[in-house]
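Below are the chains, spelled out letter by letter.
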Amino acid sequence: MRRYVEIELKHILILCVIIKEKWVCQLKKQDQQYYVFEIDGKCLNGVSIFLMLGIVILTFLLNPDFSFYGKEFDLAFLFMIPYLVLHEIIHGISYVLCGAKYKNITFGAHLEKGILCCLCKEKVSKPSILISLICPFIFLGVCTYIAGLYLHNNTLIILSMINISGCAGDLVMFFDFLSLKNMMYSEYDNPLAFGLYTTEDLSHKHFFGLRYLETTKDLSKTITKKVVISNISLIIILILFFLGILNFL
Ligand SMILES: [Zn+2]
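Residues numbered from 1 in each chain as written. Predicted model: local features only at pLDDT ≥ 70, side-chain atom pairs only at ≥ 80, totals over all residues.

Visitor: Even after reading the chapter, I still don't get the overall build of the chain, so can you show me in this structure?
Guide: The helix and strand inventory of the chain stands at eight helices and eight strands. Counting over 249 residues, the chain shows a buried share of 25%. Restricting to contacts in the chain with at least 6 residues of sequence separation, those with at least 24 account for 78%. (Helix = DSSP H or I, 4+ residues; strand = E, 2+ residues; numbered from the N terminus. Buried ≥ 20, exposed ≤ 12 C-beta atoms within 10 Å, placed from the backbone. Contact = placed C-beta atoms within 7 Å.)

Visitor: Is there a simple way to explain the sheet that holds strand 4 (residues 124-125) in this structure?
Guide: One key point about sheets: their strands pair by backbone hydrogen bonds, in either a parallel or an antiparallel sense. Strand order in this open sheet of five strands is 4-5-6-1-7, and the pairing throughout is antiparallel. In this open sheet, the two strands that pair with only one neighbour each are strand 4 and strand 7 (210-216). Examined bridge by bridge, strand 5 (residues 184-187) and strand 6 (residues 193-198) share four bridges and lie antiparallel to one another. The partner of E187 across the bridge, within strand 6, is F194. (Pairing = 2+ DSSP bridges.)

Visitor: I would appreciate a short explanation of unusual backbone geometry in the present structure.
Guide: Residues other than glycine predominantly adopt negative phi, and peptide bonds predominantly adopt the trans conformation. Phi angles above zero are rare outside glycine, and H152 is one such case at about 55°. Mapping H152 onto the fold places it in the loop between helix 5 (126-151) and helix 6 (154-166). The exposure class assigned to H152 is exposed, which follows from the 12 C-beta atoms found within 10 Å. A positive phi angle, close to 50°, is found at N182, a residue other than glycine. The topology assignment puts N182 in the loop between helix 7 (168-178) and strand 5. Residue classification places N182 among the exposed residues on the basis of 12 C-beta atoms within 10 Å.

Visitor: Explanation requested: the environment of C135 in the structure shown.
Guide: Along the chain, the position of C135 falls in helix 5. Sequence separation between C135 and S94 is 41 residues, and the spatial gap between their C-alpha atoms is 7.3 Å. Once you skip the residues sitting within four places of it in the chain, C135 turns out to touch I90 and S94.

Visitor: Mind showing me how you'd approach the nonpolar core here?
Guide: Note on soluble globular proteins: their nonpolar side chains tend to be buried together. In terms of nonpolar packing, the biggest core is built from 34 residues, with Y35, F37, C120, V124, I158 and L196 touching the most fellow members. Only strand 1 (33-39), strand 3 (115-120), helix 5, helix 6, helix 7 and strand 6 provide two or more residues apiece to this core. The biggest single contributor to this core is helix 6, with seven residues. Setting aside chain neighbours within four positions, we find F37 in contact with A193, F194, L196, F207, L210, R211, Y212 and L213. (Core = buried A, V, L, I, M, F, W, Y, C linked by C-beta atoms within 7 Å.)

Visitor: Could you clarify how one ought to interpret the packing of helix 4 (residues 80-97) against helix 5 in this entry?
Guide: In a pair of packed helices, the angle between the axes and the distance between the axes together describe the arrangement. Direction vectors running N to C along helix 4 and helix 5 enclose 145°, while the axes themselves pass 8 Å from each other. Helix-helix and strand crossings are classified by hand; for helix 4 and helix 5 the assignment is right-handed. When helix 4 is examined against helix 5, the residues Y83, L86, H87, I90, H91, S94 and Y95 are found in contact with a partner set consisting of S128, I131, S132, C135, P136, F139 and L140. Classifying every residue of the contact of helix 4 with helix 5 gives nine nonpolar, five polar and no charged. (Axes fitted to C-alpha atoms, helices over the stretch in contact; angles between N-to-C directions. Left-handed = near helix turned anticlockwise from the far one by under 90°. Nonpolar A, V, L, I, M, F, W, Y, C, P; charged D, E, K, R; others polar.)

Visitor: Mind showing me how you'd approach the sheet that holds strand 2 (residues 105-110) here?
Guide: Spatially, 3-2-8 is the arrangement adopted by the three strands of the open sheet, whose pairing is mixed. Of all strands in the sheet, those bounded by a partner on one side alone are strand 3 and strand 8 (227-229). Averaged over all adjacent pairs, the angle separating strand axes in this sheet is 10°, with direction ignored.

Visitor: Would you explain helix 6 in this entry?
Guide: Every α-helical turn comprises 3.6 residues, leaving residues that sit three or four positions apart pointing alike. A rise of 1.5 Å per residue sets the reference length of helix 6, with its 13 residues, at 18 Å; its end C-alpha atoms lie 18 Å apart and thus fit the reference within 8%. Listed as buried for helix 6 are N154, T155, L156, I157, I158, L159, S160, M161, I162, N163, I164 and G166. For helix 6, the secondary structure elements touched by its buried residues are helix 2 (41-62), helix 3 (71-78), helix 4, helix 5 and helix 7. (Expected span 1.5 Å × (residues − 1).)

Visitor: So what exactly am I meant to see when it comes to the environment of F241 here?
Guide: Checked against the element boundaries, F241 lands in helix 8 (residues 231-248). Between the C-alpha atom of F241 and that of P82, which follows or precedes it by 159 residues, the distance is 10.0 Å.

Visitor: How should I be thinking about helix 5 in this particular structure?
Guide: When the terminal C-alpha atoms of helix 5 are compared, their 36 Å separation across 26 residues agrees well with the 38 Å that a helix rising 1.5 Å per residue should span. Of all the bends found along helix 5, the most pronounced is centred on I138 and spans about 35°. Here helix 5 has its buried residues at S128, I129, S132, L133, C135, P136, F137, L140, G141, T144, Y145 and G148. Lining the buried residues of helix 5 we find helix 4, strand 4, helix 6, helix 7 and strand 5. Phi turns positive one or two residues past the end of helix 5, at H152, with a value near 55°. (Bend = angle between axes of the 7 residues up to and from the residue.)

Visitor: Help me out: how do you make sense of the packing of helix 5 against helix 6 in this one?
Guide: Relative to each other, helix 5 and helix 6 sit at 155°, their axes nearing to 8 Å. In terms of orientation, helix 5 lies roughly antiparallel with respect to helix 6. By crossing handedness, the relation of helix 5 to helix 6 is classed as left-handed. Contacts between helix 5 and helix 6 involve P136, F137, L140, G141, T144, Y145, A147, G148, L149 and L151 from the first element and L156, I157, L159, S160, N163 and I164 from the second. (Parallel < 35°, antiparallel > 145°, perpendicular 65-115°, else oblique.)

Put into structure tokens, the structure is as follows:
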């Protein structure tokens, strides 16, 4: 008889543990919200200048004949904007290859604010965002730089320098996100900010180069136009294009 009571007690205990686990899991689900952050502009500029100086010094050490003058520089100037657009396209391709839906990816140019962007307006996992952040740095920065050195092609070296310097925000976010557990990432209508969807309270967490904005249950994702280019961006692109052509001729 005693043995039966022990067995019954065991079953009740197991049942209690299962119910508690389910309850905690449910609570955690309910607590998931977006912690919205933006990149600190001053910090971004600092990292960008640091990267540019680093890569320029490294280039003069590896290749003393390197110069910022001549036809190769003019060609790099001409292809600067298309190369930075390619940077955003690689972000987009990485998101899609990691499982995001193409319809949820939008591109934007707001050059008056210094922004060219690829926004993924659906929640993606931590590995997906890490891959998307690092791919342009690896392919258009590091690989192009090595190819430029190997081929003695200053145009490729200068383009890779511009890209590496332009990767400042991506690198800041990449290293900040490494320390996070169980989070999902999503962008929304504001091209300057993003949301981290998690149960962990991030409102007081200090991230290098990021500024906490707010906590919200939902992000505004109403702009579904595939490409958004501001009028000033169009004017800047045209001016740079004609300057590039004139320089090159
Ligand atoms: Zn980027």
